[in-house]
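Take a look at the letters that make up each chain.
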Amino acid sequence: MKLLLATHNKHKITELKEALKDSGFEILSLDDFPDMPEVIEDGDTLELNSLKKAKELFDHTGITTLADDTGLEVEHLNGEPGVYSARWAGEGCTYKDNCEKLLRELRNVAPDERKASFRCIITLYGKDIFKTTEGVLNGHIIDHYRGSEGFGYDPVFVPEWHNITLAEMPLNEKNKISHRGLAVKKMVEIIMEMKKAE
Ligand code: IMP
């Protein structure tokens, strides 16, 4: 059975393939469908964007699709950037632009007021299938970059109970605690239950 990952992001494909390696699926990604029209992520919640991606790609390919949408929610910024995490510093911005904006916005903010969480919503959508899971990783934003692994806001995010950033953590360690890792784990459990019930 095939499973389509609704992403071109190499970091995410690697992370998700690792997390799903025992699921028994042949894993495909958007790289296997170069002519697929881009899904416009214009929902105002992570839940809506994740469902939109999974549904549009299933409608187009007929393959059960797994889509995720993640936001970084910073307490001091009233939950921003949230659903706008990818393009927070402006259209066409880089991960570095976003991290720099975050460090600027939190300049002079006290260490105990720098709490943040990654929240990931995963949707599995297929014929007679619509399942959603959530994973949350709490932590805080430091005031400088550390580490070169991972992507996005990883170099400035220190997870709760740790003293290294996600960018200083090996990928298999990140997967064990990450928002996406937790949401995928819950989804894999649901998939296994569905298979048992068949
Ligand atoms: P997406 O919905 O998963 O594409 O995530 C939106 C944005 O959140 C990305 O462009 C990244 O900036 C950020 N992001 C998502 N997942 C992670 C992560 O695991 N680490 C750091 N940043 C992330």
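Here, every reference points to the structure presented above.
Owing to the predicted nature of the structure, the values given are computational and were not obtained by experimental measurement.

The rules behind the values
- Residues numbered from 1 in each chain as written.
- Predicted model: local features only at pLDDT ≥ 70, side-chain atom pairs only at ≥ 80, totals over all residues.
- Heavy atoms only, no water.
- Helix = DSSP H or I, 4+ residues; strand = E, 2+ residues; numbered from the N terminus.
- Rg over C-alpha atoms; globule rule 2.2 N^0.38 Å.
- Buried < 20%, exposed > 50% of the residue type's maximum accessible area, 1.4 Å probe, protein only.
- Contact = heavy atoms within 4.5 Å.
- Areas by Shrake-Rupley, 256 points an atom, 1.4 Å probe, with all protein chains shown as cover.
- Lys, Arg positive; Asp, Glu negative; His and termini not counted.
- Charge placed at Lys NZ, Arg CZ, Asp CG, Glu CD.
- Expected span 1.5 Å × (residues − 1).
- Arc of directions from axis to C-beta.
- Polar contact = N/O pair within 3.5 Å; in protein donor to acceptor, adjacent residues only side chain to side chain.
- Near = heavy atom within 4 Å.

Trainee: Looking at this structure, I do not really get the overall build of the protein chain. What am I missing?
Mentor: Helices and strands together make up the secondary structure of the protein chain, namely five helices and seven strands. Secondary structure elements in the protein chain, listed N-terminal to C-terminal, are β-α-β-α-β-β-α-β-β-β-α-α. Here the protein chain has a C-alpha radius of gyration of 17 Å; the compact-globule value for 198 residues is 16 Å, and the two agree. On the principal axes, the C-alpha backbone points of the protein chain span a range of 55 × 35 × 25 Å. Scored against the burial criterion, the 198 residues of the protein chain give a buried share of 47%. Long-range contacts, defined as pairs at least 24 residues apart, comprise 57% of the intrachain contacts of the protein chain with a sequence gap of at least 6. For the protein chain, the exposed area adds up to about 10,600 Å²; of that, 51% sits on carbon and sulfur atoms. Both charge centroids of the protein chain, one from 26 positive and one from 36 negative side chains, sit 2 Å from each other.

Trainee: Looking at this structure, I do not really get helix H2 (residues 46-61). What am I missing?
Mentor: What sets the pattern is the α-helix's 3.6 residues per turn: residues three or four places apart point alike. With 16 residues, H2 should reach 22 Å at 1.5 Å per residue; the first-to-last C-alpha distance of 23 Å fits that figure. At its buried positions, H2 is contacted by strand S1 (2-5), strand S3 (65-74) and strand S5 (115-126). Just past H2, the residue Gly-62 takes up positive phi, approximately 75°.

Trainee: What is the right way to look at helix H1 (residues 10-19) in this model?
Mentor: Within the span of H1, buried status applies to Lys-12, Ile-13, Glu-15 and Leu-16. The buried side chains of H1 occupy one side of the element, clustering within an arc of 165° when seen end-on. The N-terminus of H1 is capped by Asn-9, whose side-chain oxygen sits 2.9 Å from the backbone nitrogen of His-11.

Trainee: Which parts of the structure should I look at to understand the site of the ligand?
Mentor: Close to the ligand lie 15 residues, the nearest being Lys-12, Asp-69, Asp-154, Lys-174 and Arg-180. The separation between an oxygen atom of the ligand and a polar main-chain atom of Thr-70 is 3.0 Å. Note that an oxygen atom of the ligand is positioned 3.1 Å from one of the side-chain N or O atoms of His-179. When the free accessible area of the ligand is taken as 470 Å², the share hidden by the protein chains comes to 92%.

Trainee: Sorry if this is basic, but what is going on with unusual backbone geometry here?
Mentor: Excluding glycine, most residues fall at negative phi; most peptide bonds, likewise, are trans. With an omega of -5°, the peptide bond between Glu-80 and Pro-81 qualifies as cis. When you line up the elements, Pro-81 lands in strand S4 (residues 81-82). A positive phi is found at Asp-128, a non-glycine position, where the angle reads about 60°. Following the sequence through the fold, Asp-128 ends up in the loop between S5 and strand S6 (129-141). A residue is classified by how much of its surface remains accessible, and Asp-128, at 75% relative accessible area, is exposed.

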